[in-house]
Amino acid sequence: MAEPTLLAREIAASAARLIADEGLDWGAAKQRAARDLGSPRAALPGNELVEEALIEHLAVFEAETQPAELRHLRELAATWMARLSEFRPHLTGAVWRGTANRLSRIHLELYCDDSKAAEIALLNLGQDFDVSTTRGPRGRDVDMLVLEVPCRPLGETVPLCLSILDFDDLRGALRPDTQGRTDRGDLPALQALLAP
C-alpha cells in the first residue's frame with residue numbers, strides 16, 4: 001500500500017477535527033476538509049487514515065473528557081441493545097471503535113426477518129423516530145430509524161441510528177479488517193469492552 005501524501009494527511013487531520021469538534025459524519029468531514037484546504041477535487045483519504053488522525057486529535061485535545069464520554073455512550077448503546085435483543089443488534093461506528101465523544105451518534109445494526117417489526121417494537125416502547133435511508137451491505141440502500149434518546153450522564157440527548165438489515169447480512173458482519181479488528185460487535189462483545 002502506498003504511503004499517504006502530505007495533502008491526504010492534512011485532509012485527514014482537518015476531517016478529524018471536524019468530526020470531534022462539530023460532530024460531522026466522516027464523508028462530509030472529508031469533503032469539507034478538502035474544500036477548506038483549497039483542494040476540493042483532491043482524492044479523499046481513506047477511513048483508516050482519518051481514524052488514525054482522530055485518535056491523535058482526541059488524545060491531544062480531549063484526553064480528560066473523551067474516555068468518560070465514550071463509556072457513557074457505550075453504556076447507553078448496551079441498554080438499547082438489550083431492549084432490542086430480538087433483532088440481534090450489533091454496535092458499529094465510532095462508539096464501537098472507541099473514537100466517539102459526546103457529539104457522536106450511536107449506530108446499531110438490526111438484523112430482522114421483517115423490517116417493520118423494528119418499527120413496531122419502537123412504537124411499543126413509546127419511542128418517536130424518523131425514517132431515512134443509509135448505504136448498507138453490498139452498496140444497497142437500507143432503512144435507518146433515527147431516535148433522540150436521553151443520556152443522563154452527559155445531560156443531553158444522543159442520536160441513536162438503527163440500520164435495518166436482512167438476517168442474511170449477519171453472516172459476513174464480523175469479518176475482521178486488515179488490522180484484525182471487527183467493524184461491529186454484539187452485546188456480549190460490548191459488555192467485554194465495558195468490563196473493568
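That block above? That's the structure.
Caption draft 1: Representation of the state of the cysteines. On inspection of all chains with the given rule, the structure shows zero disulfides. Looking at Cys-112, it has no disulfide partner, and the nearest cysteine sulfur is the one in Cys-161, 15 Å off. A residue is classified by how much of its surface remains accessible, and Cys-112, at 4% relative accessible area, is buried. Cysteine Cys-151 shares no disulfide, and the gap to the nearest cysteine sulfur, in Cys-161, comes to 15 Å.

Caption draft 2: Structural view of the pairing of strand β3 (residues 130-135). Within β3, only zero of the six residues are buried, which leaves it mostly out in the open. Looking at chain direction, β3 and strand β4 (residues 141-151) are connected through six bridges and run antiparallel. Considered in β4, the bridge of Thr-133 is made with Asp-143. Linking β3 back to β4 in an antiparallel pair, the connection comprises five residues, with Arg-138 at a positive phi of about 60 degrees.

Caption draft 3: Local environment of the environment of Leu-123. Here Leu-123 lies in helix α6 (residues 115-124). What makes Leu-123 exposed here is its relative accessible area of 56%. Placed 41 residues apart in sequence, Leu-123 and Ala-82 show a C-alpha to C-alpha distance of 16 Å.

Caption draft 4: Representation of helix α1 (residues 6-22). Between its first and last C-alpha atoms α1 spans 24 Å; for 17 residues at 1.5 Å apiece the expected length is 24 Å, and the two agree. Turning to α1, its buried residues number three or more, namely Ala-8, Ile-11, Ala-12, Ser-14, Ala-15, Ala-16, Leu-18, Ile-19 and Ala-20. Lining the buried residues of α1 we find α2 (26-36) and α3 (47-61). Just downstream of α1, Gly-23 is the residue with a positive phi angle, here 75 degrees.

Caption draft 5: Representation of the side chain of His-57 in the model. Among the structural elements, His-57 can be located in helix α3. For His-57, a relative accessible area of 9% puts it in the buried group. A polar atom in the side chain of His-57 sits 3.4 Å from the side chain of Asp-21. If sequence neighbours within four positions are ignored, His-57 has contacts with Arg-17, Ala-20, Asp-21 and Glu-62.

Caption draft 6: Structural context of the sheet that holds strand β1 (residues 90-92). Read across the sheet, six strands follow the order β3-β4-β5-β2-β1-β6 without closing on themselves; strand pairing throughout is mixed. Taken across any chain shown, the strands that pair with only one partner, and hence form the sheet edges, are β3 and β6 (184-185). Its contacts with the sheet put helix α4 (residues 66-83) on β1, β2 (106-112), β4, β5 (156-166) and β6, and the angle it makes with β4 is roughly 115 degrees. Across the sheet, α6 lies against β2, β3, β4 and β5, angled at about 15 degrees from β4, the strand it touches most.

Reading guide: rules and limits
- Residues numbered from 1 in each chain as written.
- Predicted model: local features only at pLDDT ≥ 70, side-chain atom pairs only at ≥ 80, totals over all residues.
- Heavy atoms only, no water.
- Disulfide = S-S within 2.5 Å.
- Buried < 20%, exposed > 50% of the residue type's maximum accessible area, 1.4 Å probe, protein only.
- Helix = DSSP H or I, 4+ residues; strand = E, 2+ residues; numbered from the N terminus.
- Pairing = 2+ DSSP bridges.
- Expected span 1.5 Å × (residues − 1).
- Contact = heavy atoms within 4.5 Å.
- Polar contact = N/O pair within 3.5 Å; in protein donor to acceptor, adjacent residues only side chain to side chain.
- Axes fitted to C-alpha atoms, helices over the stretch in contact; angles between N-to-C directions.

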